[in-house]
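Overview (structure and organization)
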Amino acid sequence: MTISAKALLREAEEMQSKLVEIRRELHSYPELSWEEHRTTRKIRDFLAEAGIGILPLELPVGVLAEVVGAEPGPAIALRADIDALPIREETGLSYASVIEGRMHACGHDFHASAILGAALLLQKHTALLRGRVRLLFQPAEEKGTGASAMMKAGALKDVKAIFGMHNKPDLPVGTVGLKAGPLMASVDGFKITVSGKGGHAAVPDAAIDPIVAASAIVGGLQTAVSRSISPFDSAVVSVCQFHAGTSWNVIPDTATLDGTVRTFHPQVRKKTPELLERIASGIAAGHGALAKLEWFAGIPCVDNHPAATEVLRNAAEALQLSIVEAKPSAGGEDFAHYQQVVPGSFAWIGTGGTEEWHHPKFTVDEDALVPSAALFALAAIYALEKWGAEREQEIGLAGGKGIPPHLTGV
Ligand code: NI
């Protein structure tokens, strides 16, 4: 017995007004990273009302829940982020943010509502499910710290695969962007402190000017990508802050540079700190100064697992959604942390907006809620079948093979 894609889509359509209602509710009360108390409560209430079990989660915010199938099997995870941004909403919508200076300008209210929809659909069909679908409503994606906190709290325990999404304003409703391999860049930060010797502006020969040395380092860092990274790999090194000095006529002791490195290639990411350190200290030495690099490891790149991506593709095809090759984004997503541990795939969901993420007039077309809920419910069902079959093969149950291979004494 299986669930037909068509029936699932019809059921999702029937719950459209409910999904719109919860989305607008979340949209009106946006909360920043690690402050999502009301959002957490609303999501818990919504799930509890549907009879979906809430799992313990030792975090101040965020929700962990599970739809439990009638038959045993693997655990599959669906993840939505739930936080908002410090932006003043200018959409003029009737359900616009009522909290001054806060806005769901990245559509995480949409993600949460779509996964709530998927949860409702799955809960209707527990009799046919073989395994469990774990639901992760993750706080603090914008800070990049929510996913690792969820993992530390045990959210991925026993999970075989994970699926997530981001709305995409430039894709029309009913379109899904999928791509195996790197989709979003890794995001790391660095600080370079250049130490020289302060002195009088009129006597530079008695000083070691860290401003001149740091300026040369800014220029030198531009060659890190062009001369030291393969032209077939992509990376961005940007210096975004340059601080030095306290007066117009004093050469300061130190100058600091802050910046970020983005890349889609783990091997590039690995070698970048050493590369930047070498360039900075070499140039500083040429000026008689010293440069020290501090590296702030952030988020790895979102790297979609081929098998998990195939599951999403099969579900999207069955639902007759329009599938396009997802265009990568140099933005970061802490969904990447989950993918370090289990196979995962992250999809673009077309929401046909006029503005990009983080814009005060950012909107999503709510018609995208229905296909998204159906897509993630069906992907979870397919994933349970796929990873369930693998499990059976592993323990020698498939095809009546009898004794598990590891017990045959070979
Ligand atoms: Ni976002």
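Residues numbered from 1 in each chain as written. Predicted model: local features only at pLDDT ≥ 70, side-chain atom pairs only at ≥ 80, totals over all residues. Heavy atoms only, no water.

1. Overview of the overall build of the protein
Put simply, the rule reads: Numbering of helices and strands runs from the N terminus; a helix is a DSSP stretch of H or I covering at least four residues, while a strand is a stretch of E covering at least two. Think of it in three bands: residues with accessible area under 20% of the maximum for their type are buried, residues over 50% are exposed, and the middle band is partly exposed, with areas taken using a 1.4 Å probe on protein chains only. Two residues form a contact once any of their heavy atoms are found within 4.5 Å.
Broken down by element type, the protein carries ten helices and 16 strands. Looking at the 410 residues of the protein, the share that counts as buried comes to 51%. Here the analysis covers contacts within the protein between residues at least 6 apart in sequence; of these, 81% occur between residues at least 24 apart.

2. A few points about the domain arrangement of the protein
Applied cut-off: Each domain's extent was defined by an automatic or database domain assignment. Here's the idea: put two parts together, see how much 1.4 Å probe accessible area each one loses, and the total over both is what we call buried area. By convention in these notes, a salt bridge is any Lys or Arg side-chain nitrogen within 4 Å of a carboxyl oxygen on Asp or Glu. Identification of polar contacts relies on pairs of N or O atoms within 3.5 Å, with a donor-acceptor requirement for protein atoms, meaning one able to donate a hydrogen and the other able to accept it, and with residues adjacent in sequence counted only if both atoms are side-chain atoms. Charged means Asp, Glu, Lys or Arg here, nonpolar means Ala, Val, Leu, Ile, Met, Phe, Trp, Tyr, Cys or Pro, and polar covers whatever is left, Gly included.
Along its sequence, the protein is carved into domain 1 (5-184 + 301-407) and domain 2 (186-299). Summarising the inter-unit geometry, the C-alpha centres of domain 1 and domain 2 are found 39 Å apart. Listed per partner, the contact involves 14 residues of domain 1 and eight residues of domain 2. Together domain 1 and domain 2 conceal approximately 760 Å² of surface at their shared face, both sides included; 72% is due to carbon and sulfur atoms. Viewed at the interface, domain 2 and domain 1 are joined by zero salt bridges. Applying the counting criterion to the domain 1 and domain 2 interface returns one residue pair in polar contact (both at pLDDT 80 or more). At three residues, strand 7 (residues 181-184) tops the list of elements feeding residues into the side of domain 1 that touches domain 2. Residues that form the side of domain 1 that touches domain 2 fall into these classes: seven nonpolar, five polar and two charged.

3. Concerning the side chain of Lys179
Inspection of the secondary structure assignment puts Lys179 in the loop between strand 6 (175-178) and strand 7. Within the structure, Lys179 has its side chain in polar contact with the backbone oxygen of Pro182 (distance 2.6 Å). Apart from the residues lying within four places of it in its own chain, the contact partners of Lys179 are Asn304, Thr309, Glu325, Ala326 and Pro328.

4. So, the coordination of the nickel ion
Using the following cut-off: Coordinating donors are taken to be N, O and S atoms lying within 2.8 Å of the metal, or within 3.2 Å when the metal is Na, K or Ca; because water is excluded from the atom set, some sites may appear incomplete.
Those protein atoms acting as donors to the nickel ion are Cys106 (SG), His108 (NE2) and His166 (NE2), and they sit at 2.1 to 2.3 Å. Going along the chain, you hit the donors of the nickel ion in the pattern C-x1-H-x57-H. With His108 in helix 4 (residues 108-124) and His166 in strand 5 (residues 159-168), this residue pair connects regions lying 58 residues apart in the sequence. As far as burial versus exposure is concerned, His108 and His166 are alike and both buried.

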